[in-house]
Amino acid sequence: MDAIEVAELALSLPDVDPAQPSPARIYDFWLGGSQNFEADREAGRRAAVAMPTLVPAIRANRAFLGRVVRHLAGAAGIDQFLDLGSGVPTVGNVHEVAMAVNPGVKVVYVDIDQVAIAHARHLLADVPCAEAVLADLRRPETVLEHPLVRQTLDLSRPVAVLMNAVLHFVPDEEDPAGIIAAYTDAVAAGSYLALSHAAPDLQHPGEQQEMLDDYRRSTRVPFINREPEVVAEWLERLEIQPPGLVTVDQWQPEPHAGEVSILRTYGVLARVPEGLAERVPQS
């Protein structure tokens, strides 16, 4: 057994249960993908009925990820990507978007869902410089020391850390701010963090709560909506890039993009400055 197998078995993740809905596979279903089970589709359909603006929000969030990756691989000059909580390979995969701009980029996908990683490895079998790692993003030391991460990415050079629609699955007691700090402290100055996060719906709070209660029961996974001010506090040591922390449809929208009615989901791109470890957050 090699070091990679040992590192992954050490996580002691359970066997896949197709009757247990998974956030990664539900997300794939909402995006129109095919890597999901009936239990995922049923949970996804119930959520979409309860909250009609949900699926447009999910798709707007995926489009935000695509624009961020194109910007990073192009104008920002980033050629390494660490996609945390990447989910099931689906519409607009990071390596496809980035390689269309720069064929020389390297990408590592990280997810705790065994089905997601199995599909990712199948998809990436013939893709050079792209890997998929079975690991828990809440354990940065495990992710960053994983042999496939070390073999693929050079953390002494700038890298883009992507946390797209994942931190709302991390409760406050698991310290999302500390998780962000662990990754941004570990990468080189000039790296970037891109993240998106769901916020409370101000117009339909009852419907949103009903939808979330059912989602949590189905997936057995926490989901925490947070206001953008909370997310901003996590990023105090970083350099927020224009246009700031905004709803995902307003982050560098495509020319002539029309307005859409979606749930409040915020996105941001932040740069890792020189001397990050010495910076003290303002009280």
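Above: the structure in question.
Below, the structure is looked at part by part. Each chain carries its own residue numbering, running from 1 in the written order of its sequence. Selection of residues for local features in this predicted model requires a pLDDT of at least 70, selection of side-chain atom pairs for listing and counting requires 80 or more, and totals for whole chains, interfaces and linings are taken over all residues. Values reported for side chains reflect all heavy atoms of the structure, with hydrogen atoms and water molecules removed beforehand.

## Here's the deal with helix α5 (residues 94-101)
Think of it in three bands: residues with accessible area under 20% of the maximum for their type are buried, residues over 50% are exposed, and the middle band is partly exposed, with areas taken using a 1.4 Å probe on protein chains only. Helix and strand assignments follow DSSP, with helices taken as H or I runs no shorter than four residues and strands as E runs no shorter than two, numbered in order from the N terminus. Among the residues of α5, V94, H95, V97, A98 and M99 are the ones counted as buried. Residue contacts follow a heavy-atom distance rule, with two residues in contact if any of their heavy atoms lie within 4.5 Å. Where α5 is buried, its residues meet α4 (54-73), β1 (80-84), β2 (106-111), α6 (114-123), β3 (130-134) and β4 (160-164).

## Points about the environment of N93
Within the secondary structure layout, N93 lies in the loop between β1 and α5. Its relative accessible area of 7% is what places N93 among the buried residues. The spacing of N93 and G66 is 27 residues in sequence and 8.2 Å in space, taken between C-alpha atoms. Contact partners of N93, with chain neighbours within four places excluded, come to R62, Y109 and L123.

## Brief notes about the packing of aromatic side chains
One pair of aromatic rings is described through two measures. These are the centre distance and the angle between the planes. Planes of paired rings set the category: under 30 degrees apart is stacked, over 60 is edge-to-face and the rest tilted, where pairs are Phe, Tyr or Trp rings (Trp by its six-membered ring) whose centres lie within 6.5 Å. Counting across every chain of the model gives two aromatic pairs. Here F64 and W251 contribute two aromatic rings whose centre-to-centre distance is 5.7 Å and whose plane-to-plane angle is 85 degrees, an arrangement assigned as edge-to-face. In this pair, F64 is assigned in helix α4 and W251 in the loop between β7 (246-247) and β8 (265-271), connecting sequence segments 187 residues apart. Assessed through its relative accessible area of 1%, F64 is described here as buried. By relative accessible area, W251 is classed as buried at 0%. With a centroid separation of 5.4 Å and 90 degrees between ring planes, the pair formed by F169 and F223 is classed as edge-to-face. One end of the pair, F169, is in the loop between β4 and α9 (176-186); the other, F223, is in the loop between α10 (205-219) and α11 (228-234), with 54 residues separating them in the sequence.

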